[in-house]
Amino acid sequence: MAWTIIPVLILVGIAVPLPVCSRSDIPKADLTIKATGKQWYWSYAYPDNGKFEFDSLLRRTRSPAARVDNEMVVPVNKVIRIQTTGAT
């Protein structure tokens, strides 16, 4: 009986604080970015700015820090909404 009751109590304890965090306090986004993960690279689109899209491919270098050819750029001190998805 304890094997059933203890996990239920744990799940109830986790679920109780969830209604406190409502989604109504999310501010309006200044910029939306759609990031699409593909097999070996990322594609970025800025849907608020027309059809501005680009791919970000890993550059082959000998340095230990990974670098890409096109970095995603975001403005400072702005609210940004990122929509992340995977390519099918």
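These lines cover the structure that appears in this document, whether it is placed above or below.

Another aspect to go through is the sheet that holds strand 3 (residues 52-59). Spatially, 4-3-2-1-5 is the arrangement adopted by the five strands of the open sheet, whose pairing is mixed. Both outer strands of the open sheet, strand 4 (67-68) and strand 5 (80-86), are each paired with one neighbouring strand and no more. Bridge count between strand 3 and strand 4: two bridges; the pairing is antiparallel. Across the sheet, L58 pairs through a bridge with V68, a residue of strand 4.

On to the side chain of T36, then. Residue placement: T36 occurs in strand 1 (residues 31-37). T36 sits in the buried class, given a relative accessible area of 15%. Sequence-distant contacts of T36, defined by excluding residues within four places in its chain, comprise Y41, W42, S43, T85, G86 and A87.

Calculation rules
- Residues numbered from 1 in each chain as written.
- Predicted model: local features only at pLDDT ≥ 70, side-chain atom pairs only at ≥ 80, totals over all residues.
- Heavy atoms only, no water.
- Pairing = 2+ DSSP bridges.
- Helix = DSSP H or I, 4+ residues; strand = E, 2+ residues; numbered from the N terminus.
- Buried < 20%, exposed > 50% of the residue type's maximum accessible area, 1.4 Å probe, protein only.
- Contact = heavy atoms within 4.5 Å.

By themselves, these figures tell us nothing about what the structure is for.
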